[in-house]
Structures are given as C-alpha cells and as structure tokens.
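Architecture and fold: a report
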Amino acid sequence: MIVFRTLAFLLLLFVLAACVPAVTTAEPDKPTVALINAPTELRVDVLADELELALRADPASAAYDFSRSFSVRFQETHRDMYRSRAPLQAAFIARVLGADYAVMIAAPLYEREVKLLDFPFAGKRKINITVELQAQIVDPETALVLASFRSPEIRTLRIESVDLPLLSKEDDPDFERAREEALQDLAMPLATELAILVLP
C-alpha cells in the first residue's frame, strides 16, 4: 500500500512538471555567412577555415555566425567556380545553405621560389615565399560583389641546407605564417563590413 501511494505521488509530480512552461534562454538565430574557397584557380584549401578563425577573433563577428564548414566545402568542390562564374556559384551556395551572405577567399599570389646558392653559401638554398589574399563579399540574391578586400603582399625568406628535405607547399611553415599575417590584415575590415551588412 505504501509502495502504491509512493508511485502515485511520483506520477503526480511528473504530470505537474510536464505542465510547467519551459524557460528558454536561447538567443534568436543570427545571420549567417558562408566562407568559400573561390575562385577555383586561386583556391587554397585551408583558407576559408583559417579565415573563420581570424574573423571569430574579431568582436564585430558577434553579429553573425558561419555556415557549417563541411557543407560549404562539399558545395565549393562540386560546382564550376572558375573565374567570372565564381560569384554566381557563391550566391547559389549561400542560397542552398540559407546564408545571408557569401564570402569568397582566395590567393591571387601564392608562390615559392627555390634557388641554389653559390660560394660562399654553397650547399645552401634560398626559399622565397610570396602570399597575397583576397576576400570578396557576395550578395546571394543578385550575385554582385558588394565589397572586396586585398591583403598586402607578404614575403618570407629562408636559407637552409640542401641536405634537408624540401617541404611541400602544404607542409611549409613559412606559407602558414604568411597566410596568418595576410588573414589578420583582412579580418578586421571584413568582419566590420559583414557586421554592417547584417544590421537590421
């Protein structure tokens, strides 16, 4: 009998709890931005994800959020995003993903020159790296480029022994440092312009 009363009491508590309105602290959906590696001929695979990190570090980016990277990467590699077709395809990607704006990020300059040195530096090689990045905001409705930002040319120089294996571009730490510097140059004006665009 005591067990029955206890079970009945617990059941009553569950029913009453279900009737209490839930309190939610969720904030309203923010506008979203799709960061796209494009156009294809100037594509560097890691740029869009690195740009997202740089933008998130800027306080102005609190006004918006970003489309899921995986979804954007799938779209950008399955569309014809060469040259003048890139803004239109970026607009389509933004529409498909429900983003309010698209941002194309690319590297107009992404070069490495390797040169063997003569005496008195015999047995050494000189590695020059040049990186310049460009970001363009695209309106998903009109496919127009609303704003364009370009970093200065970032140059690095390294002298190393020819006995060391020559790293691939993907693994070269000087490319990573140059990209980071160029992205930092782009992040503040780009983050601010996006915040202005998404204002109601």
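Everything numeric in this text was worked out from a predicted model, so none of it was measured.

The subject of this paragraph is the side chain of Q136. In this fold, Q136 is placed in strand 4 (residues 124-138). With a relative accessible area of 16%, Q136 lands in the buried category. Setting aside residues up to four positions removed in sequence, Q136 forms contacts with A102, V103, M104, V145, A147 and S148.

Counting across every chain of the model gives 16 salt bridges. As a salt-bridge pair, D80 and R85 come within 2.6 Å of each other at their nearest N and O atoms. A relative accessible area of 41% places R85 in the partly exposed class. Linking R158 and E160 is a salt bridge whose minimum nitrogen-to-oxygen distance equals 3.0 Å. Per residue, the accessibility class of R158 equals that of E160, and both read buried. The structure contains a network of salt bridges with shared partners spanning R112, R125, R158, E160, D172, D174 and R177.

All right, on to the packing of helix 2 (residues 47-56) against helix 5 (residues 173-198) then. Packing of helix 2 against helix 5 leaves a shortest axis separation of 9 Å and a crossing angle of 55°. It follows from the interaxial angle that helix 2 and helix 5 lie oblique. Like other packed secondary-structure pairs, helix 2 and helix 5 cross with a definite hand, here right-handed. Between helix 2, through L47, E50, L51, A54 and L55, and helix 5, the contact on the second element is made entirely by R179, L183, Q184, A187, L190 and A191. Of the residues belonging to the contact of helix 2 with helix 5, the class tally is eight nonpolar, one polar and two charged.

Quick look at the environment of R95 now. One can find R95 in helix 4 (residues 86-97). A C-alpha to C-alpha distance of 6.1 Å links R95 and P140, two positions 45 residues apart in sequence. Apart from residues lying up to four places away in sequence, R95 is in contact with P140 and E141.

Now for the pairing of strand 4. Burial analysis of strand 4 places 12 of its 15 residues in the buried class, which makes it a mostly covered element. Pairing of strand 3 (residues 101-116) with strand 4 involves 13 bridges; the strand directions are antiparallel. Across the sheet, residue V114 finds its bridge partner in strand 4, namely I127. Of the pairings in the sheet, the one linking strand 4 to strand 6 (residues 154-161) comprises eight bridges and is antiparallel in character. Within strand 6, the position partnered with K124 by the bridge is S161. Here five bridges tie strand 4 to strand 5 (residues 145-150), and the two strands are oriented antiparallel to one another. Looking at strand 5, one finds that Q136 is bridged to S148. Counting the residues that bridge the hairpin from strand 4 to strand 5 gives six residues, and of these A143 lies at a positive phi of roughly 65°.

Attention now moves to unusual backbone geometry. Along the chain, A38 connects to P39 via a cis peptide bond; the corresponding omega equals 0°. Here P39 lies in the loop between strand 1 (32-37) and helix 2. In this chain, F119 is followed by P120 through a cis amide linkage whose omega measures 10°. Within the secondary structure layout, P120 lies in the loop between strand 3 and strand 4. Phi at R83 is positive, roughly 50°, even though this residue is not glycine. Its place among the elements puts R83 in the loop between helix 3 (69-77) and helix 4. Its identity as a non-glycine residue notwithstanding, A143 has a phi of 65°, on the positive side.

In this section: the nonpolar core. Core analysis: the biggest nonpolar cluster contains 35 residues, and V103, I105, L133 and L190 have the highest contact counts within it. Broken down by secondary-structure element, the contributors of at least two residues to this core are strand 1, helix 2, strand 3, strand 4, strand 5 and helix 5. Here the element with the most residues in this core is helix 5; it accounts for 11 residues. Every residue in contact with V103, bar those within four places of it in the chain, is listed here: V33, A34, L35, I36, L51, A135, Q136, I137, L190 and L194. If you look at the next biggest cluster of nonpolar residues, it comprises 15 residues, including I36, A38, V72 and A91.

What counts and what doesn't
Sequence order as written defines residue numbering, which begins from 1 separately in each chain. Side-chain atom pairs in this predicted model are given and counted only at pLDDT of 80 or more, local residue features only at pLDDT of at least 70, and totals for whole chains, interfaces and linings cover all residues. Note that water and hydrogens are dropped before the side-chain values are worked out from all heavy atoms of the structure. Runs of H or I in DSSP of at least four residues are treated as helices and runs of E of at least two as strands, each being numbered from the N terminus. Type-normalised accessible area, obtained with a 1.4 Å probe on protein chains alone, sets the label of each residue: buried when under 20%, exposed when over 50%, and partly exposed for intermediate values. Should any heavy atoms of two residues lie within 4.5 Å, those residues are considered in contact. Here, a salt bridge means any Lys or Arg side-chain nitrogen found within 4 Å of an Asp or Glu carboxyl oxygen. In this analysis an axis means a line fitted to C-alpha atoms, helices contributing only their contacting stretch, and an angle means the value between N-to-C directions, from 0 to 180 degrees. Each angle is binned into one of four classes, with values under 35 degrees roughly parallel, values over 145 roughly antiparallel, values of 65 to 115 roughly perpendicular, and all other values oblique. Should the near helix be turned anticlockwise from the far one by less than a right angle, the crossing is termed left-handed; should it be turned clockwise, right-handed. The nonpolar class holds Ala, Val, Leu, Ile, Met, Phe, Trp, Tyr, Cys and Pro. Asp, Glu, Lys and Arg form the charged class, and all remaining residues, Gly among them, are polar. Here the rule is simple: two strands pair whenever DSSP picks up at least two bridges between them. Nonpolar cores were defined as sets of buried Ala, Val, Leu, Ile, Met, Phe, Trp, Tyr and Cys residues, with membership established by side-chain atoms within 4.5 Å.

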